[in-house]
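Residues per chain, in single letters:
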Amino acid sequence: MAKSSADDEELRRACEAAIEGTKQKVVMSIRVAKSRGIWGKSAKLGRGQMAKPRVLAISTKAKGQRTKAFLRVLKYSTGGVLEPAKLYKLKHLSKVEVVTNDPSGCTFMLGFDNLRSQSVSPPQWTLRNVDDRNRLLMCILNICKDVLGRFPKVVGIDVVEMALWAKENTPTIPKQLGNQQDGPVEVAVAEGDMKVTVEKELVSQAEEEDMEALLGTYVMGIGEAEAFSERLKRELQALEAANVHAILENVPLMDEVLQGLESATNCVEDMDEWLGIFNVKLRHMREDIESIETRNNKLEMHSVNNKSLVEELDKLLERLRIPSEYAACLTGGSFDEARMLQNIEACEWLTNALRSLEVPSLDPCYADMRAVREKRAELDKLKSTFVRRASEFLRNYFASLVDFMISDKSYFSQRGQLKRPDHADLRYKCRTYARLLQHLKSLDKNCLGPLRKAYCSSLNLLLRREAREFANELRASTKASRNPTVWLEGSTGSSQNVNNADTSTVSEAYAKMLTIFIPLLVDESSFFAHFMCFEVPALVPPGGLANGKGGPNDNDDGNDDDLGILDIDDNDSKSGKSTAELEALNESLRDLLDGIQEDFYAVVDWAYKIDPLRCISMHGITERYISGQKADAAGFVRLLLDDLESRISMQFGRFVEEACHQIERNERNVRQVGVLSYIPRFATLATRMEQYIQGQSRDLVDQAYTKFVTIMFVTLDKIGQADPKYADILLLENYAAFQNSLYDLANVVPTLAKFYHQASEAYEQACTRFISTIIYYQFERLFQFARRIEDLMYTITPEEAL
């Protein structure tokens, strides 16, 4: 059996260290588990509550001739050190109750008569076994008896069981006696001291010793039963005779006593009658007092309820009150910039007032009150009036801002001067009403649709005017010689000097158009989404490609609008926003930027007319901007760049098809002799095309190479078939010329290298056929003689040959 914690000296020393300085001596310490319980109600330990480890220590303190006893509760701190938690005085201990629903019987509760709130559930103390419980309770009861001179009320403990346990287990329990002059000393509690009853001991130890001495001195003489019986009869007769004699002598006294008793009975009857009368009066008075108290309580409750009702009504009236300054601002105030602060405050008050009249913020019992319904209707009317006025003002304001900028020609590019569009002042003026738009959205989301359309319509006019003026001036200020589109025509002369003109300014002009307007359109899209309260997340930080930092010749300064618009197809799952919101945003962006692509198309067509090969460099520039726009979600800008790429590819495709037709026209000319004209011209064309390649335009050029060379080889074969006698010579010369002219390019261009090897194989085949033809022509008679000899060897005998 494990050692009891009551015998743990280390635990006792820890308890003494915890209460050091209190001049108290620990009599007993034991480990327990603390939980909560209720008097007279059963609750299983550990359900709905968590048992906490504690240590109960019984301590005493000598004060003069008296000794005070205490029950201390100690708990473990974070470091495992005991520290005082509760202190109870044993003189207030009034009840000890063992919890009956604990099968082990190791759980009990202690009741103290000085607790302020008896309704609080008292703690339950659970020990490891019954022996520890009995030791603790016996120690408490003996200290209460010796120090306080009384026992607390004990419930749920079998007294016989406790007495038997005390008889079998006589531990030495230290206790302090306060009536000794030398101070408290420790004494052993004997077996007799351990026998306790519910209220007090029946016979003390001293009384028991006196009874034993008295019985020892009295001689009963009961040796024989008959003699003892005779003796008792004689003594009984003597006692009866003495009693009869005494009664006869006291008859006069008895009469006097009876008379006194009779008079006393009469007095008592009179008193009882008077008391009955007084009781009736007191009962009536009690009933009157109770009725008065009942009415008084009802009046007090009525007064309290009225006071609470008045307070609640005051609060409700405060909610329902509309300040005059806000009402005036909402119904007829100005929207000038100087008064925007008052408008914002009025919007905030209106929003909070509407929200306070909704059920989550308002008690449901007030929701159907007539006053609340009327006030809600009044607030809704205020809201609709303010939203209508603000929407009308903002629509006119957007139109007036754009009309002012369009009327001022200094905002646009002019002859001899390219003007970079600057919308800083426009955005600054619009930001003045950004918070107003946010409040309008919170008040009525439906009002934003017309406002967005009005903003997009107004700003679209400005953007298209800026793009048109900029594109016109850009084309007018760019000086470049026009190169012909005929490169591979067989009828032209051999000189191609006209094709060597520098047209790099055309590509630079196109790049400048993109550098200026693509970041502007992205910024406008971002500002529009932020300004018009679209719920989309931020995309690229300032300084990214969305602001044009990755474009060529970029010197655009940063913009503080870092909000982009998510592309529906790419980022819908990441954004977590509704598809309807994103569709509405992209639809608004289409209204904002639609029509501006025509000016970009005009620049592309203009560049194509000057030099079709510049489509290669423009394609690379566009590809670089498209890859830069992958991170943002300015959806319409992405569509614009894709359309520009398609337009450039289409124009370059036109050039390639026209060149292929030029090659095919060589087939219909007069008999071709020597190297065909399009072979060296293709080498010149390929060299020029390689100079224009930028970024991702390699695929476009390789596709053109494939078409060119395929048509060249097919046309060459057809021309050779037209004159079979000289076909091999024609193929030899042209394939050799093709290899000589493209030798350097084939070493760096994989596509041309493939056709170079194809031409080499065709050249070898043509050589083989041509050599075979020459040999057969020169030695034709010799070959005929050899065939005849070979035939004779199969037809005649050797004798005939001789």
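As a convention, each chain's residues are numbered from 1 in the sequence order in which they are written. Residue-level local features of this predicted model are given only where pLDDT is at least 70; pairs of side-chain atoms are given and counted only at 80 or more, and the full residue set underlies all totals for whole chains, interfaces and linings. Only heavy atoms go into the side-chain values, all of them from the structure, while hydrogens and water stay out.

By the naming in an unreviewed UniProt entry, the protein chain is Exocyst complex component SEC3A isoform X2, taken from Coffea arabica. Among the UniProt annotations of the protein chain, the heading Sequence similarities (unreviewed entry) holds the following wording: "Belongs to the SEC3 family." UniProt positions are given in the numbering used here, feature names are shortened, and annotations may be inferred rather than shown by experiment.

Caption draft 1: A look at helix α1 (residues 9-18). Accessibility here uses a 1.4 Å probe with only protein chains present; expressed as a share of the type maximum, an area under 20% marks a residue as buried, one over 50% as exposed, and anything in between as partly exposed. Every helix listed is a DSSP run of H or I at least four residues long, and every strand listed is a run of E at least two residues long, numbered separately from the N terminus. Within α1 the residues assigned to the buried category are Leu11, Arg12, Cys15 and Ala18. The buried side chains of α1 occupy one side of the element, clustering within an arc of 120° when seen end-on. Exposed side chains of α1 directed beyond 90 degrees from the buried face belong to Glu10 and Arg13. Residues of α1 that are buried make contact with β1 (25-36), β2 (52-63), β3 (66-76) and β4 (82-89). Of the residues that open α1, the one with a side-chain oxygen 3.1 Å from the backbone nitrogen of Glu10 is Asp8. Arc definition: directions from the helix axis to the C-beta atoms. Residue contacts follow a heavy-atom distance rule, with two residues in contact if any of their heavy atoms lie within 4.5 Å. For this analysis, a polar contact is any N or O atom pair within 3.5 Å, provided that within protein one partner can donate a hydrogen and the other can accept it, and provided that sequence-adjacent residues contribute only side-chain to side-chain pairs.

Caption draft 2: A look at the confidence of the model for the protein chain. Confidence scores here are pLDDT values: one per residue, from the predictor, ranging 0 to 100. Summing up the model confidence of the protein chain, the mean pLDDT is 76 and the portion of residues at 70 or higher is 78%. Between residues 42-48, whose pLDDT stays under 50, and residues either more than four places distant or in other chains, the model counts eight contacts. A low-confidence stretch, residues 490-498 stays under pLDDT 50, and its non-local contacts, those more than four residues away or across chains, total eleven contacts.

Caption draft 3: Focus on the packing of aromatic side chains. Working definition: rings of Phe, Tyr and Trp (its six-membered ring) pair if their centres are within 6.5 Å, and the pair is stacked with planes under 30 degrees apart, edge-to-face with planes over 60 apart, and tilted otherwise. For the coordinates displayed, the defined rule picks out 21 aromatic pairs. Look at Phe652 and Phe655: their rings are 5.9 Å apart centre to centre, the planes differ by 40°, and that puts the pair in the tilted class. Residue Phe652 and its partner Phe655 are both found in helix α20 (residues 635-664); the two are separated by three residues, about one turn of the helix. Residue class for Phe652 comes out buried when judged on its relative accessible area of 2%. You can call Phe655 buried: its relative accessible area is 1%. Centre to centre, the rings of Phe682 and Tyr705 are 6.2 Å apart; their planes meet at 80°, and the pair counts as edge-to-face. A residue pair is termed long-range when its members are at least 10 positions apart, and Phe682 in helix α21 (residues 678-692) and Tyr705 in helix α22 (residues 698-722) qualify at 23 residues. Of the two residues, Phe682 and Tyr705, neither departs from the other in class, the shared state being buried. Cluster of aromatic residues (ring-pair linked, three or more members): Phe393, Tyr397, Phe398, Tyr433, Tyr455, Phe527, Phe528, Phe531 and Phe534. Throughout this description, the term charge over a ring refers to an Arg CZ or Lys NZ atom that lies within 6 Å of the ring centre and within 35 degrees of the ring normal. When the ring centre of Phe534 is taken as origin, the NZ or CZ atom of Arg452, which lies over that ring, is 3.7 Å away. One cation-aromatic arrangement involves Arg647 over Tyr601; the distance from NZ or CZ to the ring centre is 4.7 Å.

Caption draft 4: Representation of unusual backbone geometry. Notably, Lys23 is not glycine yet its phi reads approximately 60°, a positive angle. Considering the arrangement of structural elements, one finds Lys23 in the loop between α1 and β1. Judged by relative accessible area, which is 74%, Lys23 ranks as exposed.

Caption draft 5: Up close: the pairing of strand β7 (residues 123-126). Alternating positions in β7 separate into two faces, Pro123 and Trp125 on one and Gln124 and Thr126 on the other, with burial throughout. Taken together, the four bridges between β1 and β7 define a ladder with antiparallel strand orientation. Across the sheet, residue Lys34 finds its bridge partner in β7, namely Trp125. In short, DSSP must find at least two bridges between two strands for them to pair. Sheet topology places strand β6 (residues 107-112) next to β7; three bridges connect them, and they run antiparallel. Pairing of Phe108 across the sheet is with Trp125, part of β7.

Caption draft 6: Expanded view of the packing of helix α18 (residues 597-610) against α20. Working convention: axes come from line fits to C-alpha atoms, limited for helices to the stretch in contact. Angles between N-to-C directions cover 0 to 180 degrees. Across the interface, α18 lies against α20 with an axial gap of 10 Å and an inter-helix angle of 25°. It follows that α18 is roughly parallel to α20 by the angle criterion. Note on packing geometry: the crossing formed by α18 with α20 is right-handed. Counting all contacts with α18, which are made through Gln597, Phe600, Tyr601, Val604, Asp605 and Tyr608, the residues of α20 involved are Phe636, Leu640, Asp643, Leu644, Arg647, Ile648, Gln651, Arg654 and Phe655. In this scheme, roughly parallel covers angles under 35 degrees and roughly antiparallel covers those over 145, while 65 to 115 is roughly perpendicular and the rest are oblique. Throughout, a crossing is termed right-handed when the near helix is turned clockwise from the far one, and left-handed when it is turned anticlockwise from it by less than a right angle.

Caption draft 7: Examining the environment of Asp744 more closely. Among the secondary structure elements, Asp744 is positioned in helix α24 (residues 743-746). Look at Asp744 and you get exposed, because its relative accessible area is 60%.

Caption draft 8: Quick look at the sheet that holds strand β5 (residues 93-98). If you trace the eight strands from one edge of the open sheet to the other, you get β4-β3-β2-β1-β7-β6-β5-β8, paired in mixed fashion. Both edges of this open sheet fall to β4 and β8 (153-155), since each of them pairs with a single strand only. Each strand axis lies, on average, 35° off the axis of its neighbour in the sheet, ignoring direction. Strand contacts of α1: β1, β2, β3 and β4, with the helix running at about 90° to β1, the strand carrying the most contacts. Each of β1, β2, β3, β5, β6 and β8 is contacted by helix α2 (residues 130-148), which is oriented at about 125° to β1, the strand it contacts most.

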